[in-house]
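Structural overview
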4 protein chains.
Amino acid sequence: MSKTDLNIFETMESEVRSYCRNFPTVFTQAKGHNMWDEDGKEYIDFFSGAGALNYGHNDEKMKAKLIEYIQNDGITHSLDKATTAKGDFINEFNDVILKPRGLDYKIMFPGPTGTNTVESALKLARKVTGRTDVISFTNGFHGMTIGSLSVTGNSSKRKGAGVPLQHAVTMPYDSFVGEDLTTLEYLEAYLENSGSGVAIPAAMIVETVQGEGGINVASSEWMKKLDDICKRWGILLIIDDVQAGIGRTGSFFSFEEAGIQPDIVCLSKSLSGYGLPFAITLFRPELDIWSPGEHNGTFRGNNHAFVTATAALDYWKDEAFEEGIKERSEMTHEYLEYLVQEYPELKGKVKGRGLMVGISCEEPELASKVAEEAFNRGLIMETAGPNDEVFKLFPAINIEKEALKQGLEIIEESIKATVKAPVAN
Amino acid sequence: MSKTDLNIFETMESEVRSYCRNFPTVFTQAKGHNMWDEDGKEYIDFFSGAGALNYGHNDEKMKAKLIEYIQNDGITHSLDKATTAKGDFINEFNDVILKPRGLDYKIMFPGPTGTNTVESALKLARKVTGRTDVISFTNGFHGMTIGSLSVTGNSSKRKGAGVPLQHAVTMPYDSFVGEDLTTLEYLEAYLENSGSGVAIPAAMIVETVQGEGGINVASSEWMKKLDDICKRWGILLIIDDVQAGIGRTGSFFSFEEAGIQPDIVCLSKSLSGYGLPFAITLFRPELDIWSPGEHNGTFRGNNHAFVTATAALDYWKDEAFEEGIKERSEMTHEYLEYLVQEYPELKGKVKGRGLMVGISCEEPELASKVAEEAFNRGLIMETAGPNDEVFKLFPAINIEKEALKQGLEIIEESIKATVKAPVAN
Amino acid sequence: MSKTDLNIFETMESEVRSYCRNFPTVFTQAKGHNMWDEDGKEYIDFFSGAGALNYGHNDEKMKAKLIEYIQNDGITHSLDKATTAKGDFINEFNDVILKPRGLDYKIMFPGPTGTNTVESALKLARKVTGRTDVISFTNGFHGMTIGSLSVTGNSSKRKGAGVPLQHAVTMPYDSFVGEDLTTLEYLEAYLENSGSGVAIPAAMIVETVQGEGGINVASSEWMKKLDDICKRWGILLIIDDVQAGIGRTGSFFSFEEAGIQPDIVCLSKSLSGYGLPFAITLFRPELDIWSPGEHNGTFRGNNHAFVTATAALDYWKDEAFEEGIKERSEMTHEYLEYLVQEYPELKGKVKGRGLMVGISCEEPELASKVAEEAFNRGLIMETAGPNDEVFKLFPAINIEKEALKQGLEIIEESIKATVKAPVAN
Amino acid sequence: MSKTDLNIFETMESEVRSYCRNFPTVFTQAKGHNMWDEDGKEYIDFFSGAGALNYGHNDEKMKAKLIEYIQNDGITHSLDKATTAKGDFINEFNDVILKPRGLDYKIMFPGPTGTNTVESALKLARKVTGRTDVISFTNGFHGMTIGSLSVTGNSSKRKGAGVPLQHAVTMPYDSFVGEDLTTLEYLEAYLENSGSGVAIPAAMIVETVQGEGGINVASSEWMKKLDDICKRWGILLIIDDVQAGIGRTGSFFSFEEAGIQPDIVCLSKSLSGYGLPFAITLFRPELDIWSPGEHNGTFRGNNHAFVTATAALDYWKDEAFEEGIKERSEMTHEYLEYLVQEYPELKGKVKGRGLMVGISCEEPELASKVAEEAFNRGLIMETAGPNDEVFKLFPAINIEKEALKQGLEIIEESIKATVKAPVAN
């Protein structure tokens, strides 16, 4: 096969394209934690599709199931008609995930992407409560369609809306205003004081760890208190677990550590296991007051994704799996702490939880430079935060430890190359 | 394999589920125009995933390409990084579709569903013009996320938003107020009169044939005049070709008949050819003022869809293909006209263009009853229109003529069974 | 007293000032239909404070009552505390106006200006119905605060809002799209069709004759049909009678001719009789679900206005009063018809009802030029319409007939001077 | 004259009426600090029309000027045409108020009420900056029309809107979240962090002392810092001085103490001196980019108010006048501090600045009960705060000291009567 001309993307694809600018090569194959480009260069993937490939690329078991399904002409597309593949997924998800965690949720298929599940969650919360406003949090990221964008903090994304974004009030996330100021005191003052200008909202929507926002972690204590506040005021708590869920922080749901049971949960990204478009919205059965078809969409039933998602749940049947994530997390955190100590030029700070981690550098260009150097050395890694001040490590949660170590070492080399060189402005 | 318990959907899946209510069985396999359920019952599919399966189910050529790709561990998920599969799709789409039609468009990958492409189109139009309002049309359907929903006409879907829908003005679609009243005269009066309360909008968004809205057809003359109005006032014309595009009306784009070149085009549904989630937004290169990443999303790069979409374009290399759609359209229209004549109890009216057709019945329950009878007889067909007053035929555009005939005959039998029986209220 | 330097207005008053630009002199005294400037020049007033001085300037009887009240240190300002003057007004308004017309309304004091009454009417309609949208009409004018502005048609006024104006849908006023097209057929189609994108609104707000919008008259038939539509759909009908009310069209309320009883009525401008700030909102008692103080304001109780408004009601005790307005209307209409015939260069059309009349000229500059010439000849008259294409006659409704005739003759002279001269661009 | 039947208000006036419920009698005359009802009962007025009667009722000098003007048939109503009375006011306001304070402002006549000036200020700020959002503050009160209401904090007033209130973000006023938390640190964090979800606004609108909100005082230090923040970010600072201005806090403008020069100032209430509807908007000349007539209104030119307002400015020519307010303030504050000490049952806290003061009681019913007892004893006084927890003293700023003392003593008696009696729930 002839090589692809990179020019085609520049001339034919919209200027809105993004990641291909940071990783300027044409990828062709992938397996586990590795990707290869058309030149045969091998990369370790610490990006994992921004959390869409938590089990690595093209997992063998899922692959076998998927090929078998396609070969047998299993239903591919069926809108939301009942199919065998869908029934299997629902059963397995209930048995392997919900029941063991004592979670009693109904499942909605809102369309195959993160923003679909968020929009459906916001709609439902407004319908159930009859209220319009939603409280979101600083540096939250929930998607690019107008409903999700209205609860997203990033100013350049918001400007892209082209219309004023409404019916949302942004409250300070944990530690937003320095470490000492308790942001929930502020939030509560707004709810308690009837002259505050902030109405009791339909819902609060929050990520337990903010990915795009800069790997900001809400403490379990903060999450519990937030849950209490929601209960006290009759506000629905929506956890957007699109990026932090499916094992990324160590457990299937990211909110397990805090010991809370949200009213509504948004899942997508790694849910299919194989990187296929797939999302679900979970909610307490009492909230299920939807009319048939009130929220619909063509790709609510991506059967290929049902097949791989069902296969992916096998991982969670083995308790050792979570243990494995924990080990990898500890390895990673330790190494990152070492890097921050060893390279004070970074003015770095380790952020994150589980395998959703990064180093925040005081100088924004530094993080981008480190990521660029890493790419040149065969490691794929993105940056995050309002000023791209964080380099962000998202290895597969089942990555071979040797590969993890190798990736971390590449980062160290990239830091060395960066802090020694003069930083470009 | 044991049979799936239909109960699982009732107890575990949200009340929002819809099509599984009309087609209450568990489907397991599909090929071409056929579907089979777990009982082995065979169905002819005149629904085609609401236009997502224009080439039928599990097309052999696409299937082979897809399995080969998966077997070789081709990249599955890559955000919007450059991949061989993506490059191939862009090249082929340009060579087979755009260039031969004299269309100079850039391609944006806005996320894999119809509502993603619509939201991106609206954002871009607002960004380019600096205006906020968009004119949409009565009975238009553009998606369920807040931006798309604001330009969607259906009142029950709109109520589902839970917030007022804004920045959109609904103008009357072709023939909305009776056949005689020229709706564009009304529209122009609003634009011309500076006291009309309607500002010059960023864009108009329109379907050439409204699917969900009731198989309403805008005449070529109306479309041309609309295009003229847009040009005269510097308003961008967005054609939402998600349902009417990809051959459904006879040509690749539904607007080819009218001889216009829209500023922005939204495509999804059958774009992947295989029923996989996939969407693109096309626009004139001068409009491409996006900042990198200003609109993003996890599933912009569904490489499986790139592979099958590229294979699907093969159909369009053969001129006989469009001819074949035309023949099937004529067969269908003739048969529907015959049905309307033969069964005056329907008080029916044939609607539609190409293979996007239906019969509108004055009594709303009639259409649903006919569809129900058809399902019992092994034909899958949905209803449309604000009161579900239309039964809607969406056979594969390359369906075998024998199967098409067979399906039409089932419809006749279903009508017979319906109009003879007393209509339930 | 030294003369006022006109410069002071240019240097110290905001650029937003308007009428002082068209009538560039400093006025100092006024009586009945006359005004005088500091140079002692006398003017006939065909402007009447845009309808705020229907009884002419400084009416002797009202003046006497007002001076007596002030001399006795009657309450001037009292928020909405009960005062003798307020009680007298309420009693008299009920006895002289409401009861004889069979109108059972409660009275709200919403603040002293037209926009205050409109905002209160919109709030109440939304509160009563629980709906958010309001239908307004093309070229309607209802005020400059955001709520009223959202139902106002004029595009330059709307742009002044600086924010998108929402929760309002503009429907075509009588004869908006040419004489032949029945605009209410459009409106009904929008209400009937559940896919129209237009929800059943809380209310419709309409002027029976549009003043600012260009002296457009809704026929009694159109008004009756509109009232029917509102009743059929449970929509509240708000008549904004701020400019057309208080005798301007011949009867106290402008809607008496159509024989309808609106749900809510907005009054201001000439209500005080003396040109003092004063407004009330009337509504059916069943609608009075306000909470105490839910809408408030400092100047709800302008007692000086109560005093003069009560005195003004004396006029309506004499049936000859309405007869007198009718005579003056006929005189005026006849003369205007004569002018249109006599001066075809105007391409004029007589518009209006009662003493709310004007001539619309096809060339917009013509109307302004005629008004300018009239001012030079001692007649004060404004222009209206989206392009200021109408010169607008608003004489006092009790103007001496001789003065009316004199004013009309000045208009003829001004037309002569204008159509003979070349029109400036 | 026969006595007014209080029933007329109950049967004919809307339920929205408010103050007449707390002061259930019919007032008939007023002079200085006294009011009398129809039974001849005399009251001391510590309410002063909620700040609209800072100079007391029916001031003799203003009264004489007004009667003379009316007797001479001076122009009463003139829209915004130039009049002698208007010219005189502009000159005098410039000479007596603006120039001596080094303020270079243009004057806009936006309509005669507080909400008119606020709406005009918001429009202008949005027009000048091209931005839509405005930052307002918790417990702020700016008016009842939709634009002003959107920046008002009170939840029951906001609900009255019937539509979501938008384009405003409420930030914490000085000391909102406890005494220790610096609210401006929060505000700055929102502006600085590009992921905060809060865009740089067009303006901030703030009262230096919040009247309706509960007599909350912003410290001079806080105001200065707010002004700095505005300047740093290019945000316009709007001071709503409708209630706190015109001497209420000791100086003509309430912001003089802080030493700042706001970009835009809103004045109304006591501006006319006599309790007549009147308002102006002041702004830096560079901001005056209004188009002629872009914001208009019928009662922009209330000439009676020009006459009394001009006369009222005489007070400010004498430096002893401000000194007199200061003395009365000190007397009042001392007495209130004494009351809080003496009656610990109040759990009271003295609030306010100048003669805009009150006592906040921890038990909300207490404040209302004290006000009720005071009314029975011949003192008129209202309550404020989100839960009416403050009784609010607004004596005339030139009240005779003896009367002030007498009023304070009535308050003490009312407290005694209240704290001894069991509090009703």
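Residues numbered from 1 in each chain as written. Chains lettered and ligands numbered in written order. Predicted model: local features only at pLDDT ≥ 70, side-chain atom pairs only at ≥ 80, totals over all residues. Heavy atoms only, no water.

Heads up, the condition is: UniProt positions are given in the numbering used here, feature names are shortened, and annotations may be inferred rather than shown by experiment.
The name an unreviewed UniProt entry assigns to chain A is Diaminobutyrate--2-oxoglutarate transaminase, from the organism Halalkalibacillus sediminis. UniProt's Pathway (unreviewed entry) comment on chain A is quoted here verbatim: "Amine and polyamine biosynthesis; ectoine biosynthesis; L-ectoine from L-aspartate 4-semialdehyde: step 1/3."

**Describing the relation of the copies chain D and chain A**
Here two copies of a chain appear, and what relates them is a rotation about an axis with a shift along it. Keep this limit in mind: We superpose the copies by least squares over the C-alpha atoms of residues that have a pLDDT of at least 70 in both of them. In what follows, residue pairs with any heavy atoms lying within 4.5 Å of each other are defined as contacts.
Least-squares fitting of chain D to chain A yields an RMSD of 0.0 Å, with the superposition described by an axial translation of 0.1 Å and a rotation of 180°. Here the transformation between the copies is reduced to the relation of a two-fold axis. Nearest to the rotation axis, the C-alpha of glutamine 166 of chain D is located 3.4 Å from it, this being the minimum over chain D. A share of 100% of the interface residues of chain D reappears at the interface of chain A, consistent with the copies meeting face to face through the same patch.

**Considerations on the interface of chain D and chain A**
It is common to report an interface's size as the accessible area lost on association of the parts. Quick note on the threshold: Two parts placed together each lose some accessible area; with a 1.4 Å probe, that loss summed over both constitutes the buried area. We define a salt bridge as a side-chain nitrogen of Lys or Arg found within 4 Å of a carboxyl oxygen belonging to Asp or Glu. Two N or O atoms count as a polar contact when they lie within 3.5 Å, although within protein this holds only if one can serve as hydrogen donor and the other as acceptor, and sequence-adjacent residues are included solely when both atoms are side-chain atoms. A run of H or I in DSSP counts as a helix once it spans at least four residues, and a run of E counts as a strand once it spans at least two, with each numbered from the N terminus. Residues were grouped as follows: Ala, Val, Leu, Ile, Met, Phe, Trp, Tyr, Cys and Pro as nonpolar; Asp, Glu, Lys and Arg as charged; and all remaining residues, including Gly, as polar.
In this complex, chain D contributes 26 residues to the contact, which on the side of chain A involves 28 residues. Summed over both partners, the interface of chain D with chain A buries about 2,400 Å², with 55% contributed by carbon and sulfur atoms. Three residues stand out in chain D for area buried against chain A, namely Tyr186, Tyr190 and Ser194 of chain D, and they jointly supply 24% of the buried area on that side. Joining chain D to chain A, the criterion identifies 0 salt bridges. Applying the counting criterion to the chain D and chain A interface returns 13 residue pairs in polar contact (both at pLDDT 80 or more). Considering every element that reaches the side of chain D that touches chain A, the biggest residue donor is helix H9 (residues 183-192) of chain D, with 4 residues. Here the side of chain D that touches chain A is built from residues that sort into 10 nonpolar, 14 polar and 2 charged.

**A look at the interface of chain B and chain A**
Tallying the contact residues gives 108 residues for chain B and 109 residues for chain A. Across the chain B/chain A interface, buried area totals approximately 9,100 Å², and carbon plus sulfur atoms make up 61% of it. Together, Met12, Lys81 and Phe299 of chain B form the three largest contributors to the area buried by chain B at its contact with chain A, with a combined 8%. Here chain B is connected to chain A by 8 salt bridges. A salt bridge links lysine 106 of chain B to glutamate 15 of chain A; the nearest nitrogen and oxygen atoms lie 3.5 Å apart. Counting across the interface, chain B meets chain A through 55 residue pairs in polar contact (both at pLDDT 80 or more). For the side of chain B that touches chain A, the element with the highest residue contribution is helix H5 (residues 84-98) of chain B, accounting for 7 residues. Of the residues in the side of chain B that touches chain A, the class split is 45 nonpolar, 40 polar and 23 charged.

**Structural notes on helix H4 (residues 60-71) of chain B**
Rule in force here: Helix span, as expected, comes to 1.5 Å for every residue beyond the first. Exposure categories follow from relative accessible area, calculated using a 1.4 Å probe and restricted to protein chains: below 20% of the type maximum is buried, above 50% is exposed, and the middle band is partly exposed. Here the arc refers to the set of directions running from the helix axis out to each C-beta atom.
With 12 residues, H4 of chain B extends 16 Å from end C-alpha to end C-alpha; this agrees with the ideal 16 Å at 1.5 Å per step. Taken residue by residue, H4 of chain B has Met62, Lys63, Leu66, Ile67, Tyr69 and Ile70 of chain B as its buried positions. Each buried residue of H4 of chain B lies within a common arc of 160° when the element is viewed along its axis, so the set occupies one face. Elements in contact with the buried residues of H4 of chain B: helix H4 (60-71) and helix H11 (303-312) of chain A together with strand S1 (27-31), H5 and helix H11 (303-312) of chain B. Structurally, the start of H4 of chain B carries an N-cap: the backbone nitrogen of lysine 61 of chain B is 3.2 Å from a side-chain oxygen of aspartate 59 of chain B. With its phi angle positive at about 55°, aspartate 73 of chain B sits one or two positions after the end of H4 of chain B.

**What to know about the sheet that holds strand S16 (residues 382-384) of chain C**
All names here are of chain C. Note the cut-off: Two strands are said to pair when DSSP picks up at least two bridges between them. With axes taken as lines fitted to C-alpha atoms, and helix axes fitted only over the stretch in contact, angles between N-to-C directions fall between 0 and 180 degrees.
One open sheet accounts for 4 strands, arranged S13-S14-S17-S16; its pairing is antiparallel. In this open sheet, the two strands that pair with only one neighbour each are strand S13 (348-353) and S16. Averaged over all adjacent pairs, the angle separating strand axes in this sheet is 30°, with direction ignored. Bridge count for S16 against strand S17 (residues 390-393) is 3 bridges, and the pairing is antiparallel.

**Things to note about the nonpolar core**
Condition: Joining through side-chain atoms within 4.5 Å is the link that ties buried Ala, Val, Leu, Ile, Met, Phe, Trp, Tyr and Cys residues into a set, and such a set is a nonpolar core.
With 338 residues, the main nonpolar core has Phe93 of chain A, Phe93 of chain B, Phe93 of chain C together with Phe93 of chain D as its most contacted residues. Phenylalanine 93 of chain D has contacts with Leu98, Ile107, Phe252, Phe253, Leu267, Leu271, Ile280, Leu282 and Leu313 of chain D, leaving out every residue within four places of it along the chain.

**Remarks on the pairing of strand S13 (residues 348-353) of chain A**
Residues and elements named next belong to chain A. Pairing of S13 with strand S14 (residues 356-361), which is carried by 6 bridges, proceeds in the antiparallel orientation. In the sheet register, arginine 353 faces S14, and the bridge partner there is methionine 356. Linking S13 back to S14 in an antiparallel pair, the connection comprises 2 residues, with glycine 354 at a positive phi of about 60°.

**A word on the relation of the copies chain B and chain A**
Once turned by 180° and shifted 0.0 Å along the axis, chain B lies on chain A with an RMSD of 0.0 Å. Looking at the interface residues of chain B, 100% of them are also at the interface in chain A, so both copies use one shared face.

**Observations regarding the packing of aromatic side chains**
We count it as follows: Note on aromatic contacts: the rings of Phe and Tyr and the six-membered ring of Trp form a pair at centre separations within 6.5 Å, being stacked when their planes are under 30 degrees apart, edge-to-face when over 60 apart, and tilted otherwise.
Scanning all chains against the criterion turns up 103 aromatic pairs over all chains. Considering the side-chain rings of phenylalanine 137 of chain B and tyrosine 173 of chain B, the 6.5 Å spacing of their centres and the 70° angle between planes classify their relative orientation as edge-to-face. Pair noted here: phenylalanine 137 of chain B is in strand S5 (residues 134-137) and tyrosine 173 of chain B is in the loop between strand S6 (168-171) and helix H9 (183-192), with a separation of 36 residues, a long-range link. Accessibility classification places phenylalanine 137 of chain B together with tyrosine 173 of chain B in one group, the buried group. With a centroid separation of 5.2 Å and 85° between ring planes, the pair formed by phenylalanine 252 of chain C and tryptophan 316 of chain C is classed as edge-to-face.

**Overview of the packing of helix H12 (residues 320-342) of chain C against helix H14 (residues 401-420) of chain C**
Residues and elements named next belong to chain C. What counts is decided by this rule: Angular relationships are summarised with four words: roughly parallel below 35 degrees, roughly antiparallel beyond 145, roughly perpendicular across 65 to 115, and oblique for the angles in between. Each crossing gets its handedness from the near helix: less than a right angle anticlockwise from the far helix is left-handed, clockwise is right-handed.
Put simply, H12 and H14 touch, their axes get as near as 11 Å, and they point 15° apart. On the basis of the axis angle, H12 is roughly parallel to H14. In this structure, H12 meets H14 at a crossing whose hand is right-handed. Of the residues in H14, those touching H12 at Glu327, Arg328, Met331, Thr332, Tyr335, Tyr338 and Leu339 are Lys401, Leu404, Lys405, Leu408, Glu409, Ile411, Glu412 and Ile415. Broken down by class, the residue content of the contact of H12 with H14 amounts to 8 nonpolar, 1 polar and 6 charged.

**So, the sheet that holds strand S2 (residues 34-37) of chain A**
All names here are of chain A. One open sheet accounts for 4 strands, arranged S1-S2-S3-S15; its pairing is mixed. The sheet terminates laterally at strand S1 (27-31) and strand S15 (379-380), the two strands that pair on one side only. With 3 bridges connecting them, S2 and strand S3 (residues 42-45) associate as antiparallel partners. Considered in S3, the bridge of asparagine 34 is made with isoleucine 44.

**Some details on helix H6 (residues 114-129) of chain B**
Residue and element names in this part refer to chain B. Here H6 spans 23 Å end to end across 16 residues, near enough to the 22 Å set by a 1.5 Å rise per residue. Where burial is concerned, most of H6 is hidden: 13 out of the 16 residues are buried. Of the residues flanking the end of H6, it is glycine 130, one or two places downstream, whose phi is positive at about 70°.

**What to know about the confidence of the model for chain A**
Inclusion rule: Every residue gets a pLDDT, meaning the predictor's confidence in that residue, from 0 to 100.
With 98% of its residues at a pLDDT of 70 or more, chain A shows a mean pLDDT of 95. In the predicted complex, the global pTM is 0.96; the interface-specific ipTM is 0.96.

**Looking at the pattern of salt bridges**
Under the counting rule described, the total for this entry stands at 112 salt bridges over all chains. A salt bridge links lysine 317 of chain B to aspartate 314 of chain B; its shortest N-O distance comes to 2.9 Å. Note that arginine 284 of chain D is salt-bridged to glutamate 286 of chain D, the shortest N-O span being 2.5 Å. On the basis of relative accessible area, arginine 284 of chain D is assigned to the partly exposed category, the value being 25%. Within this structure, Glu15, Arg17 and Arg21 of chain A together with Lys106 and Asp288 of chain B form a network of salt bridges that share partners.

**So, the state of the cysteines**
Residue and element names in this part refer to chain A. Formally: To count as a disulfide, a pair of cysteine sulfur atoms needs to be within 2.5 Å.
In the structure shown here, the tally under the stated rule is 0 disulfides over all chains. The thiol of cysteine 230 is not disulfide-bonded; the next cysteine sulfur, from cysteine 266, is found 14 Å away. On the basis of relative accessibility, which here comes to 1%, the residue cysteine 230 falls in the buried class.

**Observations concerning unusual backbone geometry**
All names here are of chain D. You will see that asparagine 58, though not glycine, has its phi angle at about 45°, which is positive. Among the secondary structure elements, asparagine 58 is positioned in the loop between helix H3 (48-51) and helix H4 (60-71). Overall, the relative accessible area of 1% leaves asparagine 58 in the buried class. For asparagine 139, which is not a glycine, the phi torsion comes out positive at approximately 65°. Looking at where asparagine 139 falls in the secondary structure, it is placed in the loop between strand S5 (134-137) and helix H7 (146-149). Exposure remark for asparagine 139: the relative accessible area of 9% places this residue in the buried category.

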